[in-house]
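# Descriptive structure summary
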Amino acid sequence: MDSQELIDFKSNLRREAFAVREIAWRADPHAGDALKHHLIEALPMPPGIAISGYWPLEGEIDVRPALAHYHHEGHPIGLPVVIGRNAPLIFRRWHPEDEMIQGSFRVMTPPAGAPDVVPTILLVPLLAFDPEGYRLGYGGGFYDRTLAKLRGEAHAVAVGVAYAAQEVPFVPRGSFDQPLDFIVTERAVFKFDTRKEI
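Sequence order as written defines the numbering, with residues in each chain counted from 1. Side-chain atom pairs in this predicted model are given and counted only at pLDDT of 80 or more, local residue features only at pLDDT of at least 70, and totals for whole chains, interfaces and linings cover all residues. Just so you know, side-chain values use all the structure's heavy atoms and leave hydrogens and water out.

Method remark: on a 1 Å grid restricted to protein atoms, a set of points is classed as a cavity if a 1.4 Å probe fits but cannot get out and as a pocket if it is open with protein on both sides within 12 Å along at least five of seven lines; lining residues have an atom within 4 Å of a point. Grid points are joined across faces, edges and corners, and a volume is the space filled by probe spheres set on the points. Reported here for the largest pocket is a volume of approximately 980 Å³. Together, 42 residues line the largest pocket, and Y138, G139, G140, G141 and F142 are the ones closest to its centre. Where the lining of the largest pocket is concerned, the elements lending two or more residues are α1 (4-27), β2 (77-81), β8 (135-136) and α4 (142-153). Secondary structure elements are defined from DSSP: runs of H or I of at least 4 residues count as helices, runs of E of at least 2 residues count as strands, and each element is numbered from the N terminus. In terms of residue count, α1 provides more of the lining of the largest pocket than any other element does, five residues in total. Lys, Arg, Asp and Glu make up the charged group, whereas Ala, Val, Leu, Ile, Met, Phe, Trp, Tyr, Cys and Pro make up the nonpolar group; the residues left over, Gly among them, are polar. Taken together, the residues that form the lining of the largest pocket break down as 21 nonpolar, eight polar and 13 charged. The space that makes up the second largest pocket amounts to roughly 170 Å³. Where the lining of the second largest pocket is concerned, the elements lending two or more residues are β3 (90-93) and α4. Here the lining of the second largest pocket takes three residues from α4, the largest share from any one element. When the residues that make up the lining of the second largest pocket are grouped by side-chain class, the tally is nine nonpolar, one polar and two charged.

Okay, here's the thing in structure tokens:
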């Protein structure tokens, strides 16, 4: 259980991070295209490997150009679905022509009948990241639980995706917070050598 001091620290940083991300999003709403190129050039994906992304909320960097590229390259693509407040995420198979439905927390997901995907590469949204590869999420712990589960079962690589402006000197972290293997922005790629490679 996180201490109250850590909870407050994260809460204050989230307020600041939302404001910074909003400015970055408005300044460059097409940053997702540059993000796609950095992902493709820096992180070659083995053929057929399953990749998860997300359908962006307002302000989040848009990974859909990258997901469309990987789909056309033959990779199974999964988008996250919340199945319970304290449960890991599951991922439903996504195709570009799918009609999306609204799930928990206003997140758009593939339809309920779409098959599950177990990703090896996870493109992870965030509010802030630091030079050590830690991310500040929204506070629900969904990705931390999901990464802990997938890393415990198999080889899973977490790629944080963000605007460059979302970098902060330090992200407060508790014992359950999962580090990232890479961070990719519209400007750069960061690799953390202490963790797995693709």
